[in-house]
Every structure is written in structure tokens, then in C-alpha cells.
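Results of the structural survey
Here's the letter readout for the chains.
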Amino acid sequence: YNHNHKQHTKTNLSTQVATRKAHQTLLWMDYLSRSNKNKLATPTIVAYTTVIDSFAKSGDVNAGMKAEQVLKFMLTKNSSSSISSSSSSLLNEHDRVVRPTTYIYNMVIAAYMKSKQHNMVDDVQRLFDQLQEQSQHQHQHQLTNVPLQIDPIQPDVISYTSLVSAWAHSNRKRYGAKRAQEILNQMELRYSQQLKQYSKLPSSSSSS
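First, a word on scope: everything that follows refers to the structure included in this document.

How each quantity is defined
- Residues numbered from 1 in each chain as written.
- Predicted model: local features only at pLDDT ≥ 70, side-chain atom pairs only at ≥ 80, totals over all residues.
- Heavy atoms only, no water.
- Helix = DSSP H or I, 4+ residues; strand = E, 2+ residues; numbered from the N terminus.
- Buried < 20%, exposed > 50% of the residue type's maximum accessible area, 1.4 Å probe, protein only.
- Contact = heavy atoms within 4.5 Å.
- Areas by Shrake-Rupley, 256 points an atom, 1.4 Å probe, with all protein chains shown as cover.
- Salt bridge = Lys/Arg side-chain N within 4 Å of Asp/Glu carboxyl O.
- Axes fitted to C-alpha atoms, helices over the stretch in contact; angles between N-to-C directions.
- Parallel < 35°, antiparallel > 145°, perpendicular 65-115°, else oblique.
- Left-handed = near helix turned anticlockwise from the far one by under 90°.
- Nonpolar A, V, L, I, M, F, W, Y, C, P; charged D, E, K, R; others polar.
- Polar contact = N/O pair within 3.5 Å; in protein donor to acceptor, adjacent residues only side chain to side chain.

Our next topic: the overall build of the protein chain. If you tally the helices and strands in the protein chain, you get eight helices and zero strands. Counted from the first residue to the last, the protein chain has its helices and strands arranged as α-α-α-α-α-α-α-α. For the protein chain, buried positions account for 34% of its 208 residues. A separation threshold of at least 6 residues defines the contact pool for the protein chain, and within that pool the share at least 24 residues apart is 64%. Accessible surface, the protein chain as shown: approximately 13400 Å² in total, 55% of it carbon and sulfur.

Counted under the stated rule, the structure contains seven salt bridges. Residues Arg 126 and Asp 123 are paired through a salt bridge, measuring 2.9 Å at the closest nitrogen-oxygen approach. Here the residue Arg 126 and the residue Asp 123 both occupy positions in helix α5 (residues 120-144), the gap between them amounting to three residues, near one helical turn. Note that Arg 179 is salt-bridged to Glu 182, the shortest N-O span being 3.3 Å. On the criterion of helical spacing, the pair formed by Arg 179 and Glu 182 is a turn pair, its members being three residues apart in helix α7 (residues 174-200). Several salt bridges share partner residues, and in doing so they unite Glu 68, Asp 123 and Arg 126 into one network.

Not every positive phi belongs to a glycine, and Asn 36 is a case in point at roughly 60°. Secondary-structure assignment places Asn 36 in the loop between α1 (2-34) and α2 (45-56). The exposure class assigned to Asn 36 is exposed, which follows from its relative accessible area of 58%. Unusually for a residue other than glycine, Lys 173 sits at a positive phi of about 55°. Here Lys 173 shows up in the loop between α6 (157-168) and α7. Residue classification places Lys 173 among the exposed positions, given a relative accessible area of 73%.

Attention now goes to the packing of α2 against helix α4 (residues 102-115). Here α2 crosses α4 at 15°, and the two axes come no closer than 8 Å. Regarding the angle of α2 to α4, the classification is roughly parallel. Along this stretch, α2 crosses α4, giving a crossing that reads as left-handed. Seen from α2, the contacting residues are Ile 45, Thr 49, Ile 52, Asp 53 and Ala 56; seen from α4, they are Tyr 103, Ile 104, Met 107, Val 108, Ala 111 and Lys 114. Its residues assigned to classes, the contact of α2 with α4 comprises eight nonpolar, one polar and two charged.

The subject of this paragraph is the packing of α4 against α6. Where α4 meets α6, the axes come as close as 10 Å, and the angle between the chain directions of the two elements is 20°. By the criterion of interaxial angle, the relationship of α4 to α6 is roughly parallel. Crossing handedness for the pair α4 and α6: left-handed. Listed contacts from α6 to Thr 102, Asn 106, Ile 109 and Met 113 of α4 are Ile 158, Ser 159, Ser 162, Ser 165 and Ala 166. Class assignment of the residues belonging to the contact of α4 with α6 gives a composition of four nonpolar, five polar and no charged.

Inspection of the secondary structure assignment puts Asp 60 in the loop between α2 and α3 (63-80). Of the polar contacts made by the side chain of Asp 60, one reaches the side chain of Lys 66; its length is 2.6 Å. Asp 60 has contacts with Gln 16 and Lys 66, leaving out every residue within four places of it along the chain.

As far as function goes, none of this settles anything; it's purely spatial.
Written out as C-alpha cells, the structure is:
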């Protein structure tokens, strides 16, 4: 047992060191880009995703907080650039804004859940709410402006099931179980409504 425990601890430490170096590299790339020393070093969505995923798998008890710091860094970069100016084709490839995706939000949520801290459910709920706000903001922007060529961001099945699991395994006992059931009902309602909308769409066979 002691040998396996020491090996596990050693693996976690090496993973955390590698994660820290990946994060430092991301910040260095951003510095090179902002200082115009190397525009080609501008961090891409892959770079951000890799660092957040590394935090989620690091075994660090503060992995959730650290992964969210990277997410906030992305949001800061996003807000510092004018969304209305992102008529994608007009921007140089290296100047385009890197926006958080549903997948990234889900990874940050996963990082908090793996930390198993007692207040983890509050962080998961907060991130889920933030994801919904981002979805609403994007939807409103598409209605009032020229549509942007960006992927839609909204809670998906993974987002919902993660939130349900967080509440179900929280220390809130009866309220946690009740809240988990409420979210599960919301998810079922949402996807049943989407199925009804799809069923009303004309099929390709009927249009031909």
C-alpha cells in the first residue's frame, strides 16, 4: 500500500509541475503577442483548452480555481476586443478573439468536481449560470447585429449532468437531492422541446 501511495503521490506531483509549466508557457505566448514581439505566438483555443484540461487532470486540490483563472483570462481577452468589430473575414487570423466554448466551461466544471471540496457545488452552479448568461448574451447579439461566425455556446448534456451530480453528491442532504431533481426536470423539458421543434421541420423527402 505504501509503495502504491508513494507512486501515486509522485505521479500527481509530476503532473502538477507539467501543468504549471504549460500555464507559464501560455502566459509567455500571450506576452509575446501583446508586446508585438511575435504575433505568431498568439495563444489559440487549443492552447487554452490544453492548459485547462491539464488543471482538471492534475489532482491539485485547487485545480478548479486555477482552471477558472484561465477561463477568466480568456473572458478578459474577449472583452478587451470589440465583438462588433469581429466580422471575422476582416480580421487577421492572429488578431481574432479566442472565445470560451461549452467544452471549456465543462472542463472547468470537471476540475471543480474532481477537487471534491465541500463548497464545490456552489462553484459548479456559478459556472453553469455563467454559461447560460454567455448563451443568452450571444443569442441577443445575433438578433441585433450581423451574425458572427462563431460556435454557439450553451449548456449541453454534459453541463446538465455535471450539475445534477454536483448537487446529488453535495453536503446539502435533502435540498441537494431536491435541487438535483429540479435540474434534471429542466434538462428533460429543454430537450423534449428541442425534439418537438425538430419534428416540425420539413423532411428532405417531403421537400423533393
